[in-house]
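# What the coordinates show
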Amino acid sequence: MNQENPMKAQVLVEDVWKSFDRGRIEVLKGVTLTVPEGQIVALCGVSGCGKSTLLNVISGLEEVDSGNVRVSGHDVVHESTRIDLLRHHIGYVFQFHHLMPDLTLAENCLVPLIAIGGNRADGLARLQELATATGIQHRLTQRVRDLSGGERQRGALVRSLMNDPELLLCDEPTGALDESNRSRVFDLLLELVRARGRTLVLATHDPDLASRCDRTLKMRDGRIEGETHG
Ligand SMILES: Nc1ncnc2c1ncn2[C@@H]1O[C@H](COP(=O)(O)OP(=O)(O)O)[C@@H](O)[C@H]1O
Ligand SMILES: [Mg+2]
């Protein structure tokens, strides 16, 4: 493992192998990549090539068979404090938002803050700021079940940024939206992350969306087979 400057390279993935079903389904077959601080990277490739699994491995949600993963110098594979890393340093936006339908949008967004025991007044101020930036401040007191698809994905974006993560991971963040909403929410995501100088790794099967990122890593059958810079 290269430890020369672990803080500079925010995400380091080194020769990661991952299988399911006791080795019967091989999904990641020796993935190596480095994402420097502040870079916006798209993982692109057809459905089933391993994008979601790679994001889950980077976040520590999924264990690896072998290889190393480091986020901001933290050893995701071996450290017992993985859950703290997730709570404090990593934001995650899922394809289907994963918001709780019976809670209001504001309540959903405050959950990550509760998880780290954050200050309530600071949290409410941050919620207002992010909700304004994403154009959903007028929807905060609505229950999630009453929101449109686009509003839910904007809400998921707000929730993911509540604890000001250094690294944001997004899995097909606009995949559930129609064409016009998809483009708008995607640009909003890039704008928010760029304005804050945060690192973003996102999965998408849409080459047009990928081309708006700083760099695209092309995945195929559990491997990274090439990259382009935007
Ligand atoms: N928990 C699991 N158990 C068994 N197979 C899985 C599991 N998660 C993912 N897979 C398989 O791994 C492959 C890659 O899945 P995934 O990472 O979701 O790809 P992508 O996000 O690129 O569509 C697929 O063939 C999928 O069926
Ligand atoms: Mg996926």
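Because the structure is predicted, anything quoted here is derived from the model rather than measured.

### As for the overall build of the chain
Scanning the chain from N- to C-terminus turns up seven helices and ten strands. Computed over the C-alpha atoms, the radius of gyration of the chain is 17 Å, within 12% of the 17 Å expected from 2.2 N^0.38 for a compact globule of 230 residues. Out of the 230 residues in the chain, the part that is buried amounts to 42%. Excluding contacts between residues fewer than 6 apart, the proportion of contacts in the chain whose partners are at least 24 apart in sequence is 70%.

### What to know about the nonpolar core
L43, I58, L169 and V201 are the most contacted members of the largest nonpolar core, which totals 60 residues. At five residues, the largest contribution of residues to this core is made by strand β3 (residues 40-44). The residues touching L43, leaving out its near neighbours within four places in the chain, are K51, L54, V201, L202, A203, L217 and M219.

### With respect to the site of ligand 1
Taken together, 13 residues are adjacent to ligand 1, and F20, V27, K51, S52 and T53 come closest. Contributions of two or more residues to the shell around ligand 1 are made by β2 (25-36) and α1 (51-59). For the shell around ligand 1, the element with the most residues is α1, which contributes three residues.

### So, the sheet that holds β3
Strand order in the open sheet made by the six strands is β6-β7-β8-β3-β9-β10, with mixed pairing throughout. Across the chains shown, the open sheet's two edge strands, defined by having one partner strand only, are β6 (90-93) and β10 (223-229). Looking at each pair of strands side by side, their axes are set apart by 20 degrees on average, direction ignored. Bridge count between β3 and strand β8 (residues 199-204): five bridges; the pairing is parallel. Counterpart to I40 in the pairing with β8 is L200.

### Things to note about the environment of V193
On the secondary structure map, V193 appears in helix α6 (residues 179-196). You can call V193 buried: it has 21 C-beta atoms within 10 Å. Each C-alpha atom of the pair V193 and L167 lies 9.4 Å from the other, and the pair is 26 residues apart in sequence.

### Observations regarding the confidence of the model for the chain
Looking at the chain, the pLDDT average stands at 90 and 96% of residues meet or exceed 70. Within the model, pLDDT remains below 50 along residues 1-7, and this stretch shows six contacts once partners closer than five positions in the same chain are excluded.

### A closer look at helix α4 (residues 120-133)
For an α-helix, 3.6 residues make a turn, and residues three or four places apart therefore share a direction. The end-to-end C-alpha separation of α4 is 20 Å, in line with the 20 Å expected for 14 residues at 1.5 Å each. Within α4 the residues assigned to the buried category are R126, L127, L130 and A131. Taken end-on, α4 shows its buried residues confined to a sector of 130 degrees, consistent with a single buried face. Those residues of α4 that are exposed and angled more than 90 degrees off the buried face are A121, D122, A125 and T132. Packed against the buried residues of α4 are α3 (105-115) and α5 (149-161).

### As for unusual backbone geometry
Even without being a glycine, S72 presents a positive backbone phi close to 50 degrees. In this structure, S72 sits in the loop between β4 (66-71) and β5 (74-75). Here the phi dihedral of D164 falls at roughly 50 degrees; this positive angle occurs in a residue that is not glycine. Relative to the elements of secondary structure, D164 occurs in the loop between α5 and β7 (167-171).

Calculation criteria
Residues numbered from 1 in each chain as written. Chains lettered and ligands numbered in written order. Predicted model: local features only at pLDDT ≥ 70, side-chain atom pairs only at ≥ 80, totals over all residues. Helix = DSSP H or I, 4+ residues; strand = E, 2+ residues; numbered from the N terminus. Rg over C-alpha atoms; globule rule 2.2 N^0.38 Å. Buried ≥ 20, exposed ≤ 12 C-beta atoms within 10 Å, placed from the backbone. Contact = placed C-beta atoms within 7 Å. Core = buried A, V, L, I, M, F, W, Y, C linked by C-beta atoms within 7 Å. Near = placed C-beta within 6 Å. Pairing = 2+ DSSP bridges. Axes fitted to C-alpha atoms, helices over the stretch in contact; angles between N-to-C directions. pLDDT = per-residue confidence, 0-100. Expected span 1.5 Å × (residues − 1). Arc of directions from axis to C-beta.

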